[in-house]
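Overview (structure and organization)
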Amino acid sequence: MHVRVNQILAERDLVVVYWTASGTNTQAGMGFPATGKKIKIAGMTLFSFKAGKICEEWSVWDMLSAMQQAGLFPPPQ
């Protein structure tokens, strides 16, 4: 898997990272089988800092798109 950082924004104790992850699904993970298909998805992670260290993290990404690209869920018709 390769993760590309597209944008970083920071204010006070919060940092947001907009990223794109890509790779080939070669091994089972998160309850899904390996498919050998290439997958590329975008997501965002929000970090909260306290005393210079990450104390909380929240991430969102398009799991439906990842499943469709892996061939595990039918594409929209």
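My aim in this report is to walk through the structure given alongside it, one point at a time.

Conventions used here
Residues numbered from 1 in each chain as written. Predicted model: local features only at pLDDT ≥ 70, side-chain atom pairs only at ≥ 80, totals over all residues. Heavy atoms only, no water. Helix = DSSP H or I, 4+ residues; strand = E, 2+ residues; numbered from the N terminus. Contact = heavy atoms within 4.5 Å. Polar contact = N/O pair within 3.5 Å; in protein donor to acceptor, adjacent residues only side chain to side chain. Patch = residues over 30% accessible without salt bridge, like charges linked within 9 Å, V, L, I, M, F, W, Y side chains within 5 Å. Areas by Shrake-Rupley, 256 points an atom, 1.4 Å probe, with all protein chains shown as cover. Salt bridge = Lys/Arg side-chain N within 4 Å of Asp/Glu carboxyl O. Buried < 20%, exposed > 50% of the residue type's maximum accessible area, 1.4 Å probe, protein only. Pairing = 2+ DSSP bridges. Axes fitted to C-alpha atoms, helices over the stretch in contact; angles between N-to-C directions.

So, about unusual backbone geometry. Unusually for a residue other than glycine, Arg12 sits at a positive phi of about 50°. Tracing the chain through its elements places Arg12 in the loop between β1 (2–11) and β2 (14–24).

Residue placement: Val16 occurs in strand β2. For Val16 and Met30, which are 14 residues apart along the polypeptide, the C-alpha to C-alpha distance reads 24 Å. Those residues in contact with Val16 that sit more than four places away from it in its chain are Gln7, Ile8, Leu9, Met44, Thr45 and Leu46.

The next point concerns the side chain of Thr45. Counting through the fold element by element, Thr45 comes out in strand β3 (residues 38–50). Here the side chain of Thr45 touches Ser59 through a polar contact of 2.8 Å, side chain to side chain. Contacts of Thr45, omitting those with residues within four sequence positions, involve Val15, Val16, Val17, Trp19, Glu57, Trp58 and Ser59.

On the surface, Tyr18, Met44 and Val60 cluster together to form a nonpolar patch covering roughly 290 Å² of accessible area. In this structure, Val60 sits in strand β4 (residues 53–61).

Another point: the pattern of salt bridges. Proximity of charged atoms lets side chains of opposite charge pair with each other. Here the structure, examined in full by the defined rule, presents 1 salt bridge. A salt bridge links Glu11 to Arg12; the nearest nitrogen and oxygen atoms lie 2.8 Å apart. The exposure class of Arg12 is exposed, given its relative accessible area of 71%.

Below, the discussion takes up the sheet that holds β2. One open sheet holds the 4 strands; their spatial order is β1-β2-β3-β4, and the pairing between them is antiparallel. Both outer strands of the open sheet, β1 and β4, are each paired with one neighbouring strand and no more. Neighbour-to-neighbour, the strand axes of this sheet turn through a mean angle of 20°, independent of strand direction. In this structure, β1 lies alongside β2, joined through 9 bridges in antiparallel fashion. Note on β2: the bridge partner recorded for Leu9 is Val16.

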